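Observations on the three-dimensional arrangement
So the chains spell out like this:
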Amino acid sequence: MNRFLGTAPVTVRAAAKINLHLGVGAPRDDGFHPLTTVYQAIGLCDDVTATPGGPGVDDLQVEVRGSDWIDVQSVPADERNLAHRAASALATLHGRDLNGLLQIEKAIPVAGGLAGGSADAAAALVALDRAHDLRTSDDDLLRIAAELGSDVPFALIGGTALGTGRGELVEPVGDVGTWWWVLVPDREGLSTPDVYRHFDKLYPDAPEEPPGAEMLLGALRTGQPVSLARTLHNDLQDAAVDLRPELGELITRGESEGALRGMVSGSGPTCVFLCESADHARDLAGALMRSGHPTVLVANGAVAGAHLVKDHA
């Protein structure tokens, strides 16, 4: 007997993000680093399905599944899971239990610098809101998202956006291009706090204000991949490569195979490569696979934020 027989399930899709620009300032008194970043949502997505529980169901169960190359075993299915925390925050706002089942189908690498956990949290907020007919305001969803983590508000909004504060203050920006990316994930994740600590060690005199993104924003408005390639920037790349030198070797290899530009995505370890077109991206992906990388992905950007893909009613 299926105990999840409440109202109909709802499936919401949320995209991975890459940071086209990631400027990092010296840590503030609260321990957070001020950021100026430009996010882009790309066509690599997780799906989250919310199924409200039937009579007698008084808890929330989380199930995580994914492709063979994704380490789903490392993703917690309890209160440590960001999607579970999103459910708890939404329940608190509305003063009611949100029981039932959250099924997370992962295609975004775990601990890869692509904000997969944040995407799951954003998708869970939208799916639970729809499945339980909560009708939460956009302002409340964004406020909860910011409390959950710096990348969660952007996962709700999607597209291309400027992030400030610690990344949680998000404003859409002009972007007329269609951008093609090759991504090379790594089975061994890289801890974001470790990368920030190493950044502080490498750059003890980092400025209080992070580098601005004006040149990159201008490149986005041209729609030209070569212009964008010249302006890509990640202050955390040196720290990630110093911790994992093979990432620097991968970037060099990708650029030697014809990428316009390669860089570490966020805090890593996924490396991303900008290409001129879909065909160029497929050619580069094939070259990198032949060079010994078993998992190479192709995705375009920018794509939508968390959105409904199936209402099973």
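These figures come from a predicted structure and were not determined experimentally. (Residues numbered from 1 in each chain as written. Predicted model: local features only at pLDDT ≥ 70, side-chain atom pairs only at ≥ 80, totals over all residues. Heavy atoms only, no water.)

1. Looking at the overall build of the protein chain
Counting its regular elements, the protein chain contains 10 helices and 12 strands. Here the C-alpha atoms of the protein chain give a radius of gyration of 19 Å, agreeing with the 20 Å that 2.2 N^0.38 yields for 313 residues. Projected onto its principal axes, the C-alpha positions of the protein chain cover 60 × 45 × 35 Å. Put simply, the protein chain has 313 residues, and 53% of those count as buried. Restricting the contact set of the protein chain to residue pairs at least 6 apart, pairs at least 24 apart contribute 77%. Within the structure as shown, the protein chain displays about 13,700 Å² of accessible surface, and the carbon and sulfur contribution to it stands at 48%. The centroid of the 24 positive side-chain charges in the protein chain is displaced by 4 Å from the centroid of its 43 negative side-chain charges. (Helix = DSSP H or I, 4+ residues; strand = E, 2+ residues; numbered from the N terminus. Rg over C-alpha atoms; globule rule 2.2 N^0.38 Å. Buried < 20%, exposed > 50% of the residue type's maximum accessible area, 1.4 Å probe, protein only. Contact = heavy atoms within 4.5 Å. Areas by Shrake-Rupley, 256 points an atom, 1.4 Å probe, with all protein chains shown as cover. Lys, Arg positive; Asp, Glu negative; His and termini not counted. Charge placed at Lys NZ, Arg CZ, Asp CG, Glu CD.)

2. Quick look at the environment of Leu 247
Relative to the assigned elements, Leu 247 resides in helix H9 (residues 245–256). Residue classification places Leu 247 among the buried residues on the basis of a relative accessible area of 2%. For Leu 247 and Gly 268, which are 21 residues apart along the polypeptide, the C-alpha to C-alpha distance reads 8.7 Å. In contact with Leu 247, other than residues within four places in its own chain, are Leu 190, Ala 240, Val 241, Val 264, Pro 269 and Cys 271.

3. Observations regarding the pattern of salt bridges
According to the stated counting rule, one finds 14 salt bridges in the structure shown. Notably, a salt bridge pairs Asp 47 with Arg 13, separated by 2.7 Å at the nearest N-O pair. Taken as a pair, Asp 47 in strand S2 (residues 35–52) and Arg 13 in strand S1 (residues 10–24) lie far apart in primary sequence, 34 residues in all. By relative accessible area, Arg 13 is classed as partly exposed at 31%. Between Arg 135 and Asp 133 there is a salt bridge; the shortest N-O distance is 3.0 Å. What makes Asp 133 partly exposed here is its relative accessible area of 49%. (Salt bridge = Lys/Arg side-chain N within 4 Å of Asp/Glu carboxyl O.)

4. Regarding the pairing of strand S9 (residues 261–264)
With 4 bridges connecting them, S9 and strand S10 (residues 271–275) associate as antiparallel partners. Opposite Met 263, over in S10, you have Val 272 as the bridge partner. Hairpin connection between S9 and S10: a loop of 6 residues separates the two successive antiparallel strands, and Gly 266 in this loop has a positive phi of roughly 55°. (Pairing = 2+ DSSP bridges.)

5. Observations regarding the confidence of the model for the protein chain
Summing up the model confidence of the protein chain, the mean pLDDT is 93 and the portion of residues at 70 or higher is 95%. Of the regions scoring below 50 in pLDDT, residues 1–6 engages in 19 contacts with residues more than four places distant in sequence or in other chains. (pLDDT = per-residue confidence, 0-100.)

6. Let's talk about the nonpolar core
One finds Leu 102, Trp 181, Leu 183 and Leu 228 to be the most contacted residues of the largest nonpolar core, which totals 59 residues. With 9 residues, helix H2 (residues 116–131) is the largest single contributor of residues to this core. Core analysis: the second largest hydrophobic core is formed by 27 residues, Leu 35, Leu 190, Ala 240 and Leu 250 among them. (Core = buried A, V, L, I, M, F, W, Y, C linked by side-chain atoms within 4.5 Å.)

7. Here's the deal with unusual backbone geometry
Omega for the peptide link from Gly 268 to Pro 269 comes to 10°, which places this bond in the cis form. Within the secondary structure layout, Pro 269 lies in the loop between S9 and S10. A cis amide bond links Gly 301 with the next residue in sequence, Ala 302, at an omega value of 5°. Note on placement: Ala 302 falls in the loop between strand S11 (297–301) and strand S12 (307–311). We note that Asp 133 has phi near 55°; this positive angle belongs to a residue other than glycine. Unlike most non-glycine residues, Arg 135 shows phi in positive territory, near 55°. The residue Arg 135 is located in the loop between H2 and helix H3 (138–148) in this model.

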